[in-house]
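# Summary of the model geometry
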Amino acid sequence: MEAPPDNDVLWARALHFQHQDGSPALQGVSLGVREGELLAVSGPRGSGKTTLLRCLSGLVRPQGGEVWFNSVPVHTMGPLSRERLRRDRFGWIDPAPVLVPELNAWENTALPLMLRGTGRRRAKTAALEWLDRLDVGGRARSRPHELRQAERQRVCIARALAVAPAVLFADEPTAPLHRADRAQVLRTLTTAARSHGITLLLATHDAQTAALADRSVALLDGRRVRTVHLPPLAETAVAAGAAGAPGTEGRAACSLSA
């Protein structure tokens, strides 16, 4: 078993995973993520983005390959060890908001902190601070059924940031938000990650969202790919083609990365 590079907080090699129906979700994906890096995992729906984040975070075990966090092999951990790792070191944001219906907004936000052993007063202070930063501080005492979907998603993002995780996995975190709200929430998310030294893995199918990251990796059909954009048809080539001379046709091609 080969240990990962020392400067990678997360490292994965040759990950394979199949859905229950036998269709491949990941086919040999490898990558390294440095501490404090903002990495976008881009690709169309069904490309394997969510499965990759679930394997890296220990939510599921890959059916082949290795996952390391700070040189500790996550892929060999049992369910309880992976659960403690997610609770103590990782954060997760789903594309759809999931909150405890019996708790109000600040209690939902503070819950992971209290599960870690943080006192109620301190946890509440941190929760209210993040709710304010995400423009839902005025809804702190509202329960989930009293909130709009966009407000519930902001609470989920505040909950993930309040614990200051070492690594935050964000799976299409602004999907429920209107376009006008997405930019502000993404700025808050990425700024908070940078200012608090949080490593952020952001799954998205939107090129503008991916552009906010330090680096981007692309998936297609469960494989890492590299897209090559050839230049568009030049006016000179058009003229040459009109005169009967061979021209160069602009196109985009996709090739598997090494």
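Residues numbered from 1 in each chain as written. Predicted model: local features only at pLDDT ≥ 70, side-chain atom pairs only at ≥ 80, totals over all residues. Heavy atoms only, no water.

## Concerning the overall build of the protein chain
Put simply, the test is: The numbering of helices and of strands both runs from the N terminus, where a helix is a DSSP run of H or I of at least 4 residues and a strand a run of E of at least 2. When a residue's accessible area, from a 1.4 Å probe over protein chains only, is under 20% of the maximum for its type it is buried; when over 50% it is exposed; and in between it is partly exposed. We call two residues in contact when some of their heavy atoms are within 4.5 Å.
Scanning the protein chain from terminus to terminus reveals eight helices and eleven strands. Each of the 258 residues in the protein chain was classed as buried or not, and the buried ones make up 44%. At a minimum sequence separation of 6, the contacts of the protein chain that also span at least 24 residues come to 69%.

## Quick look at the pairing of strand S3 (residues 38-42)
Rules: Strands are labelled as partners when DSSP assigns at least two bridges between them.
Most of S3 is tucked away: five of the five residues are buried. Of the two faces of S3, both are covered, the one formed by Leu-38, Ala-40 and Ser-42 as well as the one formed by Leu-39 and Val-41. Pairing of S3 with strand S8 (residues 199-204) involves five bridges; the strand directions are parallel. Residue pairing in the sheet places Leu-39 in a bridge with Leu-201 of S8.

## Some points on the nonpolar core
The line we're drawing: The definition of a nonpolar core used throughout is a set of buried Ala, Val, Leu, Ile, Met, Phe, Trp, Tyr and Cys residues joined through side-chain atoms within 4.5 Å.
Counting 38 residues, the largest nonpolar core has Leu-131, Leu-161, Leu-168, Leu-189 and Leu-200 as the members making the most contacts within it. Going through the elements one at a time, S3, helix H3 (105-115), helix H4 (120-133), helix H5 (149-162), strand S7 (167-171), helix H6 (179-195) and S8 are the ones with two or more residues in this core. With eight residues, H5 is the single largest residue contributor to this core. If near-sequence neighbours (up to four positions away) are discounted, Leu-168 is found in contact with Gly-91, Trp-92, Ile-93, Ala-160, Leu-161, Leu-189, Ile-198, Thr-199, Leu-200 and Leu-201. If you look at the next biggest cluster of nonpolar residues, it comprises 29 residues, including Leu-39, Phe-169, Val-217 and Leu-219.

## Considerations on the environment of Ile-157
In this fold, Ile-157 is placed in helix H5. For Ile-157 and Thr-109, which are 48 residues apart along the polypeptide, the C-alpha to C-alpha distance reads 8.6 Å. Setting aside its immediate chain neighbours within four residues, Ile-157 contacts Ile-93, Leu-134, Pro-173, Val-185 and Leu-189.

## Quick notes on the sheet that holds strand S2 (residues 24-34)
With antiparallel pairing, four strands are arranged side by side in an open sheet as S2-S1-S4-S5. A strand with exactly one partner marks an edge of an open sheet, and here the two such strands are S2 and strand S5 (72-73).

## Notes on the environment of Glu-66
Note the cut-off: Two N or O atoms count as a polar contact when they lie within 3.5 Å, although within protein this holds only if one can serve as hydrogen donor and the other as acceptor, and sequence-adjacent residues are included solely when both atoms are side-chain atoms.
Relative to the helices and strands, Glu-66 is located in strand S4 (residues 64-69). Given the relative accessible area of 12%, Glu-66 is considered buried. At 2.7 Å, the side chain of Glu-66 forms a polar contact with the side chain of Arg-13. Polar contacts involving the side chain of Glu-66 include one to the side chain of Trp-68, which spans 2.9 Å.

## Side note on the confidence of the model for the protein chain
For clarity, the threshold we go by: Values of pLDDT, ranging from 0 to 100, describe the predictor's confidence in every residue of the model.
Confidence along the protein chain averages 87 in pLDDT terms, with 85% of residues attaining 70 or more. Contacts for the low-pLDDT stretch residues 233-258, under 50 throughout, to residues beyond four places or in other chains number 32 contacts.

## Observations regarding the side chain of Ser-47
Here Ser-47 is to be found in the loop between S3 and helix H1 (49-57). Using a relative accessible area of 2% as the deciding quantity, one classes Ser-47 as buried. Of the polar contacts made by the side chain of Ser-47, one reaches the backbone oxygen of Pro-44; its length is 2.7 Å. In this structure Ser-47 touches Ala-25, Leu-219, Leu-220, Asp-221 and Gly-222, once residues within four positions along its chain are discounted.

## Considerations on unusual backbone geometry
In this structure, Ala-14 is a non-glycine residue whose phi angle is positive, near 50°. Residue position: Ala-14 is located in strand S1 (residues 8-18). Even without glycine at this site, Glu-172 takes up a positive phi of about 50°. Considering the arrangement of structural elements, one finds Glu-172 in the loop between S7 and H6. The class for Glu-172 is buried, based on a relative accessible area of 14%.

## Some points on the packing of aromatic side chains
As a reminder, the rule being used: When two rings of Phe, Tyr or Trp (its six-membered ring) have centres within 6.5 Å they constitute a pair, described as stacked for plane angles under 30 degrees, edge-to-face for angles over 60, and tilted for the intermediate range.
Evaluated as defined, the whole model comprises three aromatic pairs. Pairing Phe-69 with Phe-90 gives two aromatic rings, centres 5.0 Å apart and planes at 80°, and the pair type is edge-to-face. Here Phe-69 is found in strand S4, whereas its partner Phe-90 is found in strand S6 (residues 90-93), with 21 residues between them in sequence. Overall, the relative accessible area of 4% leaves Phe-69 in the buried class. A relative accessible area of 5% means that Phe-90 is categorised as buried. Between Phe-90 and Phe-169 the ring centres are 5.2 Å apart and the planes differ by 80°, which places this aromatic pair in the edge-to-face class. Here Phe-90, found in strand S6, pairs with Phe-169, found in strand S7; they are 79 residues apart in sequence, far enough to count as distant. Of the two residues examined, Phe-90 and Phe-169, each falls in the buried class. Cluster of aromatic residues (ring-pair linked, three or more members): Phe-69, Phe-90, Trp-92 and Phe-169.

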